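The lines below spell out each chain.
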Amino acid sequence: MPKVIVLDNLAQEGLDLLAAADGIQYKVQTGLKGDALRGALLEYDGAICRSGVKLTAEVLEGNRRLKAIVRAGVGTDNIDKPAATRAGIVVMNTPAGNTLSTAEQAITLMLAMSRNVVPAYQALCEGRWDRKKFMGSQVAGKTLGIIGLGRIGVAVAIRARAMEMKVIGYDPFLSKEKAQQLGIEPVDTVTEMLPSIDYLTVHTPLTEETRNLIDTPQVEKMKPGVRLINCARGGIYNEQAMVAGLQSGKIAGVALDVYAEEPCTDSPLFGMPGVLCTPHLGASTEEAQTQVAVEAVSLLTDYLTTGTIRHAVNVAAVDPKTMQSLRGYLDVAYRLGLLLAGCPSSGVKSCHVLYRGEIASRDTKVLTSAFTAGLLQHALDEEVNLINAEMLLQERGIELVTESRTDMGAFRSSMTVEITTDQGQHEATGTLFGQSMPRLVALDGYRLEAYLDGCLLLFKHQDVPGIVGSVGTTLGEYQINIAQMAVGRAGDRPGGEAIGILNLDGEPGSESLEAVRKHPSISSAHVIRLPKSGDLPAWLQSSEMGLSLL
Ligand code: NAD
Ligand code: MLT
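What you see is a predicted model, and the numbers here were worked out from it, not measured in a lab.

Asker: How do you make sense of the site of ligand 2 when you look at a structure like this?
Answerer: Residues in contact with ligand 2, as listed here, are Arg 50, Ser 51, Arg 71, Gly 73, Val 74, Gly 75, Asn 98, Arg 233, His 280 and Ala 283. In this structure, an oxygen atom belonging to ligand 2 sits 3.1 Å away from a side-chain N or O atom of Ser 51. Taking Asn 98, its side chain carries an N or O atom lying 2.9 Å from an oxygen atom of ligand 2. Burial of ligand 2 by the surrounding chains reaches 91%, relative to a free accessible area of 260 Å². Counted by class, the shell around ligand 2 contains two nonpolar, five polar and three charged residues.

Asker: Got a minute to help me understand the sheet that holds strand β3 (residues 46–49) in this structure?
Answerer: Across a sheet, strands are paired by hydrogen bonds formed along the backbone, either parallel or antiparallel in direction. Ordered by their spatial adjacency, five strands build an open sheet running β2-β1-β3-β4-β5, and the pairing between neighbours is parallel. Two strands lie at the open edges of the sheet, namely β2 (25–28) and β5 (90–93), each paired on one side alone. Strand-to-strand twist of the sheet, defined as the mean angle between neighbouring strand axes without regard to direction, takes the value 20 degrees. Relative to β2, strand β1 (residues 3–6) runs parallel, the two being bridged by four bridges. Bridge assignment links Val 4 to a residue of β2, and that residue is Tyr 26.

Asker: Looking at this model, I keep getting lost on the domain arrangement of the chain. Mind explaining?
Answerer: Often the size quoted for an interface is simply the accessible area lost on bringing the parts together. Domain parsing of the chain yields domain 1 (3–96 + 287–315), domain 2 (99–277), domain 3 (316–444) and domain 4 (454–531). Computed from C-alpha coordinates alone, the two centres of domain 2 and domain 3 are separated by 49 Å.

Asker: Looking at this structure, I do not really get the nonpolar core. What am I missing?
Answerer: One recurring pattern in soluble globular proteins is that nonpolar side chains are buried together. In terms of nonpolar packing, the biggest core is built from 49 residues, with Phe 371, Met 415 and Leu 440 touching the most fellow members. No other element matches helix α13 (residues 320–342), which puts eleven residues into this core. Mapping this core onto the domain boundaries places at least three of its residues in each of domain 3 (316–444) and domain 4 (454–531). Other than its neighbours up to four places away in sequence, Met 415 contacts Tyr 329, Val 332, Ala 333, Leu 336, Val 353, Leu 354, Tyr 355, Phe 371, Ala 428, Thr 429 and Gly 430. Counting 29 residues, the second largest nonpolar core, distinct from the first, contains Leu 200, Val 202, Val 219 and Tyr 237.

Asker: How do you make sense of the site of ligand 1 when you look at a structure like this?
Answerer: Neighbouring ligand 1 are 27 residues, the closest being Thr 102, Arg 151, Ile 152, Asp 171 and Cys 231. At 3.3 Å from a nitrogen atom of ligand 1 is found a side-chain nitrogen or oxygen belonging to Glu 209. For ligand 1, whose unbound accessible area comes to 850 Å², protein coverage reaches 87%. Here the residues of the shell around ligand 1 are counted per class, giving twelve nonpolar, ten polar and five charged.

Thresholds, definitions, all that
Position numbers for residues count from 1 along each chain, tracking the sequence in the order it is written. Here every chain gets a letter starting at A, and every ligand a number starting at 1, in the order they are written. Local features in this predicted model are restricted to residues whose pLDDT is 70 or higher, and side-chain atom pairs enter the listing and the counts only when it is 80 or higher, whereas totals over whole chains, interfaces and linings include all residues. Each side-chain value is worked out from all heavy atoms of the structure, with water and hydrogens disregarded. Nearness here has a simple test: a residue counts as near a molecule or strand if at least one of its heavy atoms is within 4 Å of that partner. In protein, a polar contact requires one atom able to donate a hydrogen and another able to accept it; more generally it is a pair of N or O atoms within 3.5 Å, and residues adjacent in sequence count only if both atoms are side-chain atoms. Accessibility throughout is a Shrake-Rupley quantity obtained with a 1.4 Å probe, and a residue counts as covered only by protein chains that appear here. Residue type decides the class: Asp, Glu, Lys and Arg count as charged, Ala, Val, Leu, Ile, Met, Phe, Trp, Tyr, Cys and Pro as nonpolar, and the leftover types, Gly among them, as polar. Here the rule is simple: two strands pair whenever DSSP picks up at least two bridges between them. A helix here means a DSSP run of H or I that spans at least four residues, while a strand means a run of E at least two residues long, and both kinds are numbered starting from the N terminus. To obtain an axis, a line is fitted to C-alpha atoms, over the contacting stretch when the element is a helix, and the angle between two such axes runs from 0 to 180 degrees between their N-to-C directions. The source of the domain bounds is an automatic or database domain assignment. As used here, the term nonpolar core means buried Ala, Val, Leu, Ile, Met, Phe, Trp, Tyr and Cys residues forming a set that is joined through side-chain atoms within 4.5 Å. Partly exposed describes any residue whose relative accessible area lies between the buried limit of under 20% and the exposed limit of over 50%, with all areas from a 1.4 Å probe on protein chains only and scaled to the type maximum. Residue contacts are counted whenever heavy atoms from the two residues lie within 4.5 Å of one another.

Here you go:
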């Protein structure tokens, strides 16, 4: 039974859903860190968190059980995603649940800052009726600059337009047409908007590009009296530049919900006139917390019980229907990977995958991952699956090139995989007969038709009469039955180099292999072990409701 750990406070509605989930056990354990966190995670299949817990590379290191981490919220900056990917763990988030609440928080801070709501109330509490001191600024008719027009940025723009503000926006992924439909004036750079805005709000993730996006040079380009809001991530505004701008009077106000280091209870900005700060409350509404908790639980339980991936941030999501329709080719791809890994050579330098025919227009990325997983399966100590296979390949400096051609060739669909090693190349082409019968149709330039399952004996030989019979007799002497056999030659004529592939019912030992190799016309013979027909790794197995990637 899958076990789930909840690592941060989660709305009761989410916990109720977990309690009601069939076949799932869960435990809430908040405040975990370091070794205690690492140890606890070893016992669970899934984890749900918010932004409190830090799921670092050290914490995830060596975890072979955890399959998914779901962040109840948007930002996944508290999760080491490369480390999770390496460990084969899917990271998902709940991107939309707190959009409106966070947009409302940005608008709240903008209005409250403009009308001095907090210091005015503070003065009242201290017994002062001071109307002159708290002269405010109206937002209608003013210009709001928005950097980052994703879910929250757009929601802020719509609200600002409703308050009769002019909105200028910058987002490299927002088309001019979409911006215009929303009543946003698009600009090509942040710098372009700075001289004309009265307010600035940022709604981007914190990345290398957005860290210190607004620093002293940017502040210098702004209008005097500008007010800045940040409800996205601390660090996008440079704190020192904010302090200096407020001191010089260039900046009239700064309103922050987020900080470079959190929790943050000490900042040079706290207490400065014009500053208004909240402790990361953007998503702290009952509505948003209920929504993200319920969504996070559904994402995790769906994944653990049906393999459905939604809102993954470290892996391309493939819906169960697509997975089901690709299942046969996933099996082909995985078996071709295992086959090439079993060909005698070492020092893989690069891989090339060519998709031909109908399959070329499908989601070949997941097929490439299945091939890669097969290739690495027995080479690595760690668990290899669809999530981490490509990353593990990259980490070993192995180049991966894929190509898709919609022309059919000899088959309606086929895939050709090639590896280049220190000793040369190996190439195999596979296709699917019916819905679920993987077949090898070419190997190292030899055309044939072989089953891709069970124990295979591959032998290269001179294409002369009697070879197959002789190998069969030799194996018979060792009580090894041949289930299927295929032979292929490189060209059209007999007499040249050929290959034979026998599917054996039993395992040939070293003695029987030596006996086969002794035949004067056989140049090499080796065994490759593939899963039995229909046997798939756990992460490719079908279930009633879809495919499990686990
Ligand atoms: P989103 O992914 O929908 O939008 C982010 C947008 O930023 C995208 O459109 C992207 O193109 C844009 N962007 C990225 N880099 C950019 C750059 N260099 N310049 C301009 N635009 C850039 O995300 P969202 O749901 O709108 O969330 C935005 C931010 O708000 C995230 O950092 C999230 O973590 C944060 N957030 C904070 C709270 C809170 O409690 N304060 C709540 C929810 C989300
Ligand atoms: C988020 O990224 O979703 C927000 O910062 C809210 C939160 O941390 O809960």
